[in-house]
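So the chains spell out like this:
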Amino acid sequence: MVEHLRHSLARSGFPVRPRDICTLSQWLEQWSPETAAPPALLDLLVEQALERLRPERFTAVAGFPGFRRALAELFEQVTAPDLPADLAAVEEDVERNLKARGLGFRHGRLVSAAEALRATAEILPENIILDGFFTLSATETELVLALGERASVTITLPDWPGSQALCKILLSAGFAHQRLPAVMRSANRTGFSAATIEREVEEMARRILIHTAQGWAFRETGIVLRSRDPYAGVIETTLARFGIPARFYFHQPLASHPALTFLTKVMRGMLAGWDHAALLAAVRMPVSGLGATPIGDELDFAWRDRLPAAGLPLPAGLEHLAALDNWRLERMLPQEWATRLKTLRALLPPPRVTDGADRDRTSALRSTSAALAVFDEILDGAAAALEGSGRVALAAFWKQVETALALEQLRVPDARRNVVHVMDAYEARQWELPIVFVCGLIERHFPQYHREDPILGDAARRRAGLATAADRQTEERFLFELATTRATEETILSYPRFDEQGEDTLPSFFLQGELPAVAGRPIVPRVERGVDTPRGSGDPPHFVHKTLSATGIESFLQCPFQFFANKTLRLRPRPPVPRDRLDLLLQGSILHRALAEWTRAPLLGSAILDEIFEEECARRRVPEGYRTEAVRLELMRHFRGFLDDRQLALTNWTTRVEEKFSYPLNPLLTITGRIDRLDIGPANKALVIDYKYSAGNKIRERVEDTGAGNAVQGGLYLAAAARAFGFDPVAMLFCGLKKDVIWGGWHVSVAGLESLGTSSTREVLRGLMDDAERVAVRAHEAITSGDIAIRPADPQKCKWCDFRDICRVESAVRVQKAHDTFG
């Protein structure tokens, strides 16, 4: 706000020396003999005080960082005598330690500054103006009164209930009161509602471009938010997509910067004994130099398969990190640790600075430089906070560093002028722009609703001169009036009609009725740019698939894009983390293998499942635990259920398992696959059985889909029994193994199959084979012709697709629904 005020005065013809405009905090640094306490040090002192005093009322929450921060914020505002005894004791303990370091709470520094003003003979500026305040605390008011004794003081205050008590105090002290009745701004007010937040922001971007085409500069437009979340991220990406430059007047948490997040993850992994999962999370970040690269992806896939793992040696490509291992065992003075940890920046790849770098690249370089500079300051601050502790372990020093990273804000210089200004309602109080958007006007966002403070209740806060829940609620209306009166030409109000879950939102009660809806279709900006295709980057995908399996054909029938991503591009899904490895696919694989081994050696009985389960879990590095044991017991129950099942009663039939096959369907296509179980009877008759780790309803769906031509496995497996093995197929059965043993499918009249599936004729079986082969041929023709459309036959199955994040079928469905509803 200070920077904006300097620029506004200069543009208005009233240039002022930059040092003559400052914040109250900056001014306190000059006049208070005590220095402000760094947030991380204050957090440490509060933590130590809570450990020493152990207030009974807060035992359950004393270890929470959020609780310590809430106490630190409270102590900055209120003196100990105004607090309950237990809180007062903690504040007094912290304050003693601060004074020993020449530091103080804000309320104490305000008092000492007021005393210094009254005691000093130093000449002050003749006129002092205080602007941008909603109201003042008791100690801030005392400072203003002290200033008034030494200089001509002008303070501007908004006319709202929160400033009335302060006005009375100032008037009683001899201040003159001047009210400005005229309305300085009278902008046209319009508004709209959109289906979602994303659509709302897109509409804002569209209107900004319209205003720009009409002659307005980007710098003459502002966007006012109630708070940073959830809008700032959506606005940043959307405006960038539309080519609209923007400056955000929010300070992001320092710990969220990618470079410092990377260093933090490396340190956490090292302190945890070189936890490979933590290091993998660090390496996957683009800032590491390996993340988002082909080499990094290969490392990620290979490394992830070997999790969980810890200790040295580290995977290839990360050997340089092992040089830090000795740090874990050393004890050093805090300042020595600060000096050593400043070398961590060497883990980051050197920046590549090239001519013609775009805005995003330049911004990234600036923010990284600023973040690393603040990181060095934090290391020095941590050393100062732990001064006198003697030699400490790295874990203790790094804990203080992480606390500081969580509390400090990153401020990246941005001197761009012609940009859209994005700010919250508090920052907006000093702004005046021709065009202003105020978005997110729904209940519980604007206005927000405030509860009574759980640490210091409203009654105690009122006695201490602090804002109560009712005061903060009154402020919400004032913030709305403030935000909607910043424009001189046009104010545009907006809100989304649906939340992230698709539920209706409630428009803000501050609005006078609902706003008109805009169309539900997304706005896609036209981007004109060349596509760089390096030489030797590879040939385009080959759509000629000479072999297809039943699974591949059914994948295409479900969605052509799914087949394209899986079979044509051969994209591999990222390996699951250890806790997710024992999924339904692996469970089904274990059960299939156990059934095959049992068929070969039935005397082993159910013991074969335990052996295979243990082997597969060891091979896939599935961690032991409650869930793993629960899955084993469930699989054992289903396996024994199959062994005890007597529905299939064939005599004098032999059994073959895991039979691979391949047969040509036409000169261009060969069908391949593997039959789970093939029973051979008299006269070369064949029964094809396919095991499914599914419940009975899924088996019935499979049979229905096969009859409707949406599934081809049954027909192709029957054809394989005839074409690949030379048998006479008389039955195709699906066996569901989950919960109860369920059989479904088709068979001709065969002794022992009377109770299974549906009794059919050979013509029906022949029809299943012919229909499946026709579908296979049509699918092959569509595949080779390049059909890769996002066209799911059953949208409910999309949530199980490995490629749903690149096809964005969910967005397409939402957009279509919005279009159908609103046109």
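Counting restarts for each chain: residues are numbered from 1 in the order of the written sequence. Owing to the predicted nature of the model, reporting of local features is limited to residues with pLDDT of at least 70; listing and counting of side-chain atom pairs is limited to 80 or more, with chain, interface and lining totals taken over all residues. Side-chain figures throughout are based on the complete set of non-hydrogen atoms in the structure, without hydrogens or water.

A. Looking closely at the overall build of the chain. By the criteria applied, helices consist of DSSP H or I runs no shorter than four residues and strands consist of E runs no shorter than two, each listed in order from the N terminus. Secondary structure assignment for the chain yields 28 helices and 21 strands. In terms of overall size, the chain is more extended than a compact globule, its C-alpha atoms giving a radius of gyration of 35 Å where 823 residues would be expected to give roughly 28 Å. Taken along the three principal axes of its C-alpha coordinates, the chain extends 120 × 65 × 60 Å. Remark: exposure states derive from per-residue accessible area (1.4 Å probe, protein chains only) relative to the maximum for the residue type, with buried under 20%, exposed over 50%, and partly exposed in between. Here the chain holds 823 residues, and 45% of them are scored as buried. Put simply, 73% of the contacts in the chain that link residues at least 6 apart link residues at least 24 apart. Per-residue and other accessible areas follow the Shrake-Rupley method at a 1.4 Å probe size, with only the shown protein chains counted as cover for residues. Surface accessibility of the chain: about 43300 Å² in total, with carbon and sulfur atoms responsible for 52%. Throughout, radius of gyration means the C-alpha value; the globule benchmark is 2.2 Å times the number of residues raised to the power 0.38. Contact between two residues is taken to exist if any of their heavy atoms lie within 4.5 Å; hydrogens are not considered.

B. Representation of the pattern of salt bridges. The salt bridge criterion pairs a side-chain nitrogen of Lys or Arg with a carboxyl oxygen of Asp or Glu, the two atoms within 4 Å. A full pass over the atoms with the stated rule returns 44 salt bridges. E140 is paired through a salt bridge with R106; the nearest N and O atoms lie 2.8 Å apart. One end of the pair, E140, is in helix α7 (residues 138–148); the other, R106, is in helix α6 (residues 106–119), with 34 residues separating them in the sequence. Among the residues examined, R106 registers a relative accessible area of 27% and is labelled partly exposed. Notably, a salt bridge pairs E476 with R226, separated by 2.6 Å at the nearest N-O pair. On the criterion of sequence distance, the pair formed by E476 in helix α18 (residues 469–483) and R226 in the loop between β6 (221–225) and α10 (231–241) is long-range, its members being 250 residues apart. The pair E476 / R226 is uniform in exposure class, with both members buried. Residues joined by salt bridges that share partners form a network here, namely R199, E203, R206 and R207.

C. Structural detail: the packing of aromatic side chains. Whether two aromatic rings pair depends on their centres lying within 6.5 Å, for rings of Phe, Tyr and Trp, where Trp uses its six-membered ring; planes under 30 degrees apart make the pair stacked, over 60 edge-to-face, and the rest tilted. As enumerated under the stated definition, the model contains 19 aromatic pairs in all. The interplanar angle of 90° and the centroid separation of 6.0 Å between the aromatic rings of F446 and F480 together place this pair among those described as edge-to-face. Placement of F446 in the loop between β13 (433–438) and α17 (458–464) and of F480 in helix α18 is noted, with a sequence separation of 34 residues between them. Like F446, the residue F480 is buried in the burial classification. Measuring from centroid to centroid gives 6.4 Å for F734 and W746, while their planes differ by 75°, and the two rings are edge-to-face.

D. Quick look at the packing of helix α3 (residues 39–53) against helix α5 (residues 85–100). Contact geometry for α3 and α5: axes closest at 9 Å, N-to-C directions at 130°. On the basis of their axis angle, the class for α3 and α5 is oblique. Between α3 and α5 the crossing geometry is right-handed. Only A89, V90, D93, V94, N97 and L98 of α5 make contact with α3, whose side of the interface consists of L42, L45, V46, A49, L50, R52 and L53. In this analysis, axes come from line fits to C-alpha atoms, helices being fitted only over the stretch in contact, and the angle between any two N-to-C directions falls in the range 0 to 180 degrees. When an angle is under 35 degrees it counts as roughly parallel; over 145 it counts as roughly antiparallel; between 65 and 115 it counts as roughly perpendicular; any other value is oblique. Here a crossing is called left-handed whenever its near helix is offset anticlockwise from the far helix by less than a right angle, and right-handed whenever the offset is clockwise.

E. Looking closely at the side chain of R109. Secondary-structure assignment places R109 in helix α6. Any pair of nitrogen or oxygen atoms within 3.5 Å is treated as a polar contact; in protein, a donor-acceptor pairing is required on top of that, and neighbouring residues in sequence qualify only through side-chain atoms on both sides. Here the side chain of R109 touches E34 through a polar contact of 3.0 Å, landing on its backbone oxygen.

F. Local environment of a nonpolar patch on the surface. Among the surface-exposed residues, Y449, L506 and F509 lie close enough to one another that they form a single nonpolar patch of about 340 Å² accessible area. Summarising the element assignment, Y449 is placed in the loop between β13 and α17. On the basis of relative accessible area, Y449 is assigned to the partly exposed category, the value being 41%. Each patch is built from salt-bridge-free residues with over 30% relative accessible area, joining like charges within 9 Å and nonpolar side chains (Val, Leu, Ile, Met, Phe, Trp, Tyr) within 5 Å.

G. Layout of unusual backbone geometry. The omega angle of the peptide bond from D229 to P230 is 5°, so this bond is cis rather than trans. Tracing the backbone shows P230 in the loop between β6 and α10. Following L312, the chain continues into P313 via a peptide bond in cis, with omega recorded as 0°. Here P313 shows up in the loop between α13 (294–305) and β9 (331–332).

H. Just the packing of helix α14 (residues 334–341) against helix α15 (residues 359–385), in detail. Contact geometry of α14 with α15 gives a least axis separation of 8 Å together with a crossing angle of 165°. Classified by the angle their axes make, α14 and α15 are roughly antiparallel. Of the two possible hands of crossing, α14 and α15 adopt the one that is right-handed. Taking contact as the criterion, the partners of P334, Q335, A338 and L341 in α14 are, on α15, F375, L379, D380 and A383.

I. Structural context of the pairing of β6. Within β6, 5 of the 5 residues are buried, leaving the element largely enclosed by the surrounding structure. Along β6, one buried face is formed by T221, I223 and L225 and the opposite face, lined by G222 and V224, is buried too. Pairing between two strands requires that DSSP report at least two bridges joining them. Relative to β13, β6 is paired through 4 bridges, and the arrangement is parallel. Bridge pairing links T221 to I435 in β13. As defined by bridge partners, β6 adjoins strand β12 (residues 420–424) across 4 bridges and the pair is classed as parallel. Its bridge partner being in β12, I223 is matched across the sheet by V422.

J. Spatial organisation of the environment of R150. Tracing the backbone through its elements, the reader meets R150 in the loop between α7 and β4 (152–155). Take R150: its relative accessible area is 29%, and that puts it in the partly exposed class. For the pair R150 and R574, spaced 424 residues apart in sequence, the C-alpha separation works out to 69 Å. Here the side chain of R150 touches L117 through a polar contact of 2.6 Å, landing on its backbone oxygen. Among the polar contacts listed, one links the side chain of R150 to the backbone oxygen of E122, at a separation of 2.5 Å.

K. Region of the structure containing helix α9 (residues 197–213). Working rule for helices: expected span equals 1.5 Å times residues minus one. Over its 17 residues, α9 extends 25 Å from the first C-alpha to the last, a length consistent with the 24 Å expected when each residue adds 1.5 Å. Among the residues making up α9, those that are buried are I197, R199, E200, V201, E202, E203, M204, A205, R207, I208 and H211. Contacts made by the buried residues of α9 are with β5 (188–194), β6, α10, β12, β13 and β14 (487–496).

L. Focus on the nonpolar core. In plain words, nonpolar cores are sets of buried Ala, Val, Leu, Ile, Met, Phe, Trp, Tyr and Cys residues tied together by side-chain atoms within 4.5 Å. Counting residues in hydrophobic clusters, the biggest one holds 78 residues, and the most contacted among them are V94, L341, L344, F375, F397 and V401. Looking at this core element by element, the count peaks at 10 residues for α15. Residues contacting F375, with those up to four places away along its chain left out, are L260, L263, L341, L344, W398, V401 and L405. W598, A721, C735 and W746 belong to the second largest nonpolar core, which has 73 residues in total.

M. A look at the sheet that holds β13. Overall, parallel pairing links the 6 strands, which are arranged β5-β14-β13-β6-β12-β7 in an open sheet. Each of the sheet's edge strands pairs with one partner strand only, and the pair in question is β5 and β7 (246–248). Within the sheet, the average angular offset between the axes of one strand and its neighbour, ignoring direction, is 20°. Pairing analysis gives 7 bridges linking β5 to β14, with the strands arranged parallel.

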